[in-house]
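Next come the chains, spelled out residue by residue.
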Amino acid sequence: MFAAMVSCFLAAPARAEEVKAGDLVISQAWSRATPRGAKTGGGFLTIENKGSAPDRLVAVSGDFADKIEVHEMAVKNGVMTMRAVENGLTIEPGKTVTLAPGGYHLMMLDLKAPLKQGDKLPVTLQFEKAGTVVVTLDVQGVGAKGPAAEGGKMDMKMDGMKKM
């Protein structure tokens, strides 16, 4: 019985919706709830290129924000920097690119309303070769670290954060 319980905790979380565009498979699309008054938010997803040629994510849009850009966060000389990705985000053949907190992500600018846990946000992704595809970002709680397993709860701890 103990082994069965442990296997439940170690099992992979339920997969978020998978969307195909040409040779690309987009999955695990999610976002975090935002506090009231926040004008920016982040979107996260995984893009797998199952083809034999690279493709590029060249534009992103959604009705809930005035502008959505692909951004990259990085630490340089001990300083966290964030910048828009110029000329699109390349997904090499046979590779997977994960947009996640602390790295590449969708930067949603001038939100029209706060993002609330449970919201479903349609986002249009424009790829150079695969064309246009709509995916849905599932809004998780503030501080979520990834998409929640269906029917499960997220660990909401903020590891490594210091109070000011």
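Residues numbered from 1 in each chain as written. Predicted model: local features only at pLDDT ≥ 70, side-chain atom pairs only at ≥ 80, totals over all residues. Heavy atoms only, no water.

Enquirer: Provide a residue-level description of the overall build of the chain, including the pertinent values.
Expert: Across its full length, the chain holds one helix and eleven strands. For the chain, the α and β elements follow one another from N to C terminus as α-β-β-β-β-β-β-β-β-β-β-β. Counting only residues that meet the buried cut, the chain has 37% of its 164 residues in that class. A separation of at least 24 residues holds for 63% of the contacts in the chain among residues at least 6 apart in sequence. Total accessible area computed for the chain in this model is approximately 10100 Å², and 55% of it derives from carbon and sulfur atoms. (Helix = DSSP H or I, 4+ residues; strand = E, 2+ residues; numbered from the N terminus. Buried < 20%, exposed > 50% of the residue type's maximum accessible area, 1.4 Å probe, protein only. Contact = heavy atoms within 4.5 Å. Areas by Shrake-Rupley, 256 points an atom, 1.4 Å probe, with all protein chains shown as cover.)

Enquirer: Describe unusual backbone geometry, and please don't skip the residues or the numbers.
Expert: Backbone geometry places Q28, a non-glycine residue, at a positive phi of 50°. With respect to the helices and strands, Q28 occurs in strand β2 (residues 24-32). Phi at D110 takes a positive value of approximately 55°, unusual for a residue other than glycine. Relative to the elements of secondary structure, D110 occurs in strand β9 (residues 104-111).

Enquirer: So, the pairing of strand β4 (residues 55-61): which residues are in play, and what are the values?
Expert: Summarising the sheet, β4 and strand β7 (residues 89-91) pair through three bridges and their orientation is antiparallel. Bridging across to β7, R56 finds its partner in T90. Pairing of β4 with strand β10 (residues 120-127), which is carried by four bridges, proceeds in the antiparallel orientation. Its bridge partner lying in β10, A59 is registered against Q126. (Pairing = 2+ DSSP bridges.)

Enquirer: Run through the nonpolar core, naming residues and quoting values.
Expert: Counting 31 residues, the largest nonpolar core has I26, L45, I47, L57, F64, L125 and F127 as the members making the most contacts within it. Sequence-distant contacts of F64, that is, excluding residues within four places in its chain, are made with M108, D110, L111, K112, L115, L121, P122 and V123. (Core = buried A, V, L, I, M, F, W, Y, C linked by side-chain atoms within 4.5 Å.)

Enquirer: Requested: an account of the packing of aromatic side chains, with residues and values cited.
Expert: Here the structure, examined in full by the defined rule, presents one aromatic pair. Consider the rings of W30 and F44, whose centres lie 4.5 Å apart with planes at 40°: the pair is tilted. Here W30, found in strand β2, pairs with F44, found in strand β3 (residues 40-49); they are 14 residues apart in sequence, far enough to count as distant. Just as W30 is buried, F44 falls in that class too. (Phe/Tyr/Trp six-rings, centres within 6.5 Å; stacked < 30°, edge-to-face > 60°.)

Enquirer: Give a detailed account of the environment of A53, specifying residues and quantitative values.
Expert: Topologically, A53 is positioned in the loop between β3 and β4. With a relative accessible area of 34%, A53 lands in the partly exposed category. Put simply, A53 and D23 are 30 residues apart on the chain and 8.9 Å apart in space, counted from C-alpha to C-alpha. What A53 contacts, discounting residues up to four positions off in sequence, is P93 and K129.

Enquirer: Which residues make up the pairing of β3, and what values go with them?
Expert: The buried count for β3 comes to eight of ten residues, which makes it a mostly enclosed element. Relative to β3, β2 runs antiparallel, the two being bridged by six bridges. Note that in β3 the partner of V25 across the bridge is E48. Both β3 and β9 contribute to a ladder of four bridges, which runs antiparallel. Considered in β9, the bridge of G42 is made with M107. Bridge analysis of β3 against strand β8 (residues 96-99) gives four bridges, and the strand direction is antiparallel.

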